[in-house]
Every structure is written in C-alpha cells, then in structure tokens.
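Inside the fold
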Amino acid sequence: MRQVAGPLEEIVGAENVLTEAEDLFCYAYDSTHVEFMPDVVVRPGSADEVARIVRLANELEVPVVPRGSGTGLSGGSVPIEGGIVMDLTRLNRILEVNVSDLYAVVEPGTITLDFANKVEAEGLLYPPDPGSNSASTLGGNVAENAGGLRGLKYGVTKDYVMGLEVVSPTGELFNTGSKTVKCVTGFDLTRLIVGSEGTLGVVTKIILKLVPKPEFAQAMQAIFDEVGKAASAVSAIIRAGIVPATLEILDNVTINAIEDYKPAGLPRDAAAVLLIEADGAKEAVQRQVAQIDEICRREGARKIDVARDEAEKAKVWAGRRAALAALARVKPTTILEDATVPRSKIPEMVAAINSIAKEYNLTVGTFGHAGDGNLHPTFLVDERDKDEMARVEKATYELFRIGLSLGGTLSGEHGIGITKAKFLHWELGKNGVEVMKRIKRALDPKNILNPGKMELGGGRK
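Structural notes, computed from the coordinates. Keep in mind the model is a prediction, meaning the values are calculated, not measured.

1. What to know about empty space enclosed by the protein
- Counted according to the given criterion, the structure contains one cavity of 30 Å³ or more.
- Estimated volume of the largest cavity: approximately 50 Å³.
- Those elements giving two or more residues to the lining of the largest cavity turn out to be strand 13 (246-251) and helix 13 (346-359).
- No other element matches the three residues that helix 13 contributes to the lining of the largest cavity.
- Looking at the lining of the largest cavity residue by residue, the classes come out as four nonpolar, two polar and one charged.

And the structure:
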C-alpha cells in the first residue's frame, strides 16, 4: 500500500496517515463480532481533503470505507475488502446553532452528546439519542439513520436532517437540501444519502433541525412479574392514544446484567421493567403520567415508581444506556439484533424471542424501544463454541422470519451492513435489491465506497 500511503501523506500530512499494524487493528472492527484489517487509515481535516482522497482512490481503484467512532452494530464501517479507512473524527466542529430558525450546521465527526448538550444550553432539543450518544458521531448517525430512546415521539435521524454537503463516490462535492423549513427542489438526495451506510457518498457537513426544549419531563418505571404483561402494557399505552417521549423495556436478564455492572436500583426479581418518560407542558405531562400509571396497573404491574428528582431519573436512564455494555460482560460474544415490528405486535414478538431462546438453548437478554416496536434481543454466546454459534445462526433466521411475518422490518435503527445483508431480499424482494444496486452502480461505477455492504456488490479480493 505504499503507492497509496505516499500520496495520502501529501494530502493530509504524514501524521494523519496510519500504516502500522497496531494502529490499523483499531479500525478493523465496530461493535459487532466481525473483524477485517484495513491496509491504511487516513484522517482528513477538510471536505477538500476528503474529495482528493476519494479521487485518488478512484484513480488507483482502492476501496474507501468512511468511519466515525466505530460504534455501529451492523458492520457498516468494517473494511471487509481492506483498502483505505477514512477516519472523519477530525471534522468535529459545530459550525452554527441558529436559535431563530431552529437549525444547526455541524461536521460529521461531532460527538452526538456534545452536540445535544450544546443546543440544550440554548434552550433547544436535538431529539435523536442513540444509546451510544456519548461516543457515536453525527456522521455515523446519518450514515446508519440512527434512532434512539426518544424515537417513539420524535422519530429518528432522517427526520432531522435538512441538508448535507457530500463528496460523491467519484470525488465531486455537492449539496442537498436547505436551511429552510420547506424544500422540494429536485430529487430528495438528502433522504437518499441518509441511511446509505457510506456506500453512496461521504458526508462532510450536516444541517440539522432543532426543536424547542420541552417545558417539563417526568420519568417513571413500571415493574412486572411477567414479561408478557409488560409487553401488553406497551400496546395498551399506545392504543390509548398516549405517546410518551420514551417507552423502554428491560427483561430480567438485562436488569441483572445492568445491576451487576452499573447499579441503577432496578428490581432484580422483576420479569420486566418498563422505563417511561413523558415531556411537554407540565399539566399535560402530569395527566399522561397518571393515565400511564392506571394502564400499567390494569395490565398487571406490581409497582409503579415515579422519579423524585433529576438525579434519580438520571441514574435510571444511565442504567438503561449501559444495557448493551452490561450484557456484553456476561459472555465473550454479544450478538445484538434490532428486528422491529408494528407496535401492536410487541407482545407476539416478545413471546417469539423467548420461545426461540428456549428452542435453541440460548441466553438472550431483551431490551429496547418497545414503544416504537424496536426490540433488541441480545444473544450472549461464545464464538469459540461452534455448536452454540450454529444455534445462534438458526435462531436469528427464525427471529427475522417471524418479525417480517408480523409486518416488521429487518432493522429499525442499526442498518444492514454485513450482518443482515443476506436477509435483505426477504424484505425488499429481488427487484428491490436490484434497484439499490443500479443506484450504486450509477453513482459509484468503480465500486470504491464501502464495497460489499448491503448486498451492493464487492468481490475485489
């Protein structure tokens, strides 16, 4: 790769090109269990440098994989064909927060939580809040169309991206969208790029919609002795026309993993806990909390606890955000899924997950955004145990099959990447996948950007 490293050093400086094995290894994986080494890592500091790198890659026909913090959960930023990993974390400026027009302009390497805190100080809210918000970058959120805990009420990343600056797969800089509330000029290229997992362009600037910070928020937890009753309560809350800001579920395996790792005061003997937060005008929130309390008790909750202060609320939500890290400590390998179903099908999906775990003799911790139908069944296994891994593969096939049969989708927020690519045709059909491939070929004729992801073609090596 010296023929690549030398020209890259001319573009970004030798200090921003990594070629040593110990450095490259850090870019060989994300938060999945897959691992592929890059040949070289480059850290550009401007959109112009990004464009020059992509043009060089086209000239030499070397693959480029854009990457943020590497917190992805589908293998989207793993360089499965080697080549160049483009680390975008140097592009981390918050360029503008416009309070009058409710938007912000940021670079892709900005940490999600840093940005959220910045706009909150201005009395505003950036709603998307993935569980990895303290580490994940906004560019990565855009690439994967990340969701988060507030998805039920506020939606996901695509609902807040107003426009982008993008380097095309052939190295040209172009813009999409606008800072205006309305924009219907030309094709909706913004939506095309959001969720494309770095296969159709490299994002170098993002215009994000902001909303006023809610006046008041109240958090509560409902404790259940049967996970099925907790799932039914979720459906009952939505059916009653109540849309809280967050409506999360934790099963017993997850509760105990959290308490072992980062104690949050969760009841270890509970079969399941619902973590709920309502926000908005104070009187409306108090009315919602009372309604939710009544519904949960009617559905079989043994106890309802309402957070007494901000510190108590923060402790519980910190525990929830630590769920994946906590489960990852239980066994050497963690396989996290995010099959998502219509909200009314949550009880059926929870029952299916438990049945699958029993049938294949696997330990599964289930948590997630139950209010929007997005569950995270997490298989706790050891990849050195070939028999166990074979059972996991069969279990995930069954999980996706049932989820789709309930009218669901393969991924609510993690993306397709490597880990779900072989299932894509189940949901989109052969023709749907072919349309995606045609778009990829039209924009990236040499298959330079993130090849081999989402069934879009690869095979360089």
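2. So, helix 3 (residues 47-60)
- The first and last C-alpha atoms of helix 3 sit 20 Å apart over 14 residues, in line with the 20 Å expected at 1.5 Å per residue.
- Of the residues making up helix 3, those classed as buried are A47, E49, V50, A51, I53, V54, L56, A57 and N58.

3. Here's the deal with the packing of helix 8 (residues 227-239) against helix 10 (residues 282-298)
- One can describe the packing of helix 8 onto helix 10 by two numbers: an axis separation of 9 Å at closest approach and a directional angle of 140°. Considering the angle they form, helix 8 stands oblique to helix 10. At the point where helix 8 passes helix 10, the crossing takes the right-handed sense. Each of A233, A236 and I237 in helix 8 lies in contact with helix 10, whose residues at this interface are I292, I295 and C296.
- Its residues assigned to classes, the contact of helix 8 with helix 10 shows six nonpolar, no polar and no charged.

4. Quick word on a nonpolar patch on the surface
- Taken together, F187, L189, L192, V435, I439 and L443 make up a surface patch of nonpolar side chains, about 520 Å² in accessible area.
- When contributions to the nonpolar patch are tallied by element, the ones reaching two or more residues are helix 7 (189-193) and helix 15 (424-443).
- For the nonpolar patch, the element with the highest residue contribution is helix 15, accounting for three residues.
- With respect to the helices and strands, I439 occurs in helix 15.
- Its relative accessible area of 31% is what places I439 among the partly exposed residues.

Each value, and the rule that gives it
- Residues numbered from 1 in each chain as written.
- Predicted model: local features only at pLDDT ≥ 70, side-chain atom pairs only at ≥ 80, totals over all residues.
- Heavy atoms only, no water.
- 1 Å grid on protein atoms, 1.4 Å probe; cavity = no way out; pocket = protein on both sides within 12 Å on 5 of 7 lines; lining within 4 Å.
- Points joined across faces, edges and corners; volume = space filled by probe spheres on them.
- Helix = DSSP H or I, 4+ residues; strand = E, 2+ residues; numbered from the N terminus.
- Nonpolar A, V, L, I, M, F, W, Y, C, P; charged D, E, K, R; others polar.
- Expected span 1.5 Å × (residues − 1).
- Buried < 20%, exposed > 50% of the residue type's maximum accessible area, 1.4 Å probe, protein only.
- Axes fitted to C-alpha atoms, helices over the stretch in contact; angles between N-to-C directions.
- Parallel < 35°, antiparallel > 145°, perpendicular 65-115°, else oblique.
- Left-handed = near helix turned anticlockwise from the far one by under 90°.
- Contact = heavy atoms within 4.5 Å.
- Patch = residues over 30% accessible without salt bridge, like charges linked within 9 Å, V, L, I, M, F, W, Y side chains within 5 Å.
- Areas by Shrake-Rupley, 256 points an atom, 1.4 Å probe, with all protein chains shown as cover.
- Salt bridge = Lys/Arg side-chain N within 4 Å of Asp/Glu carboxyl O.

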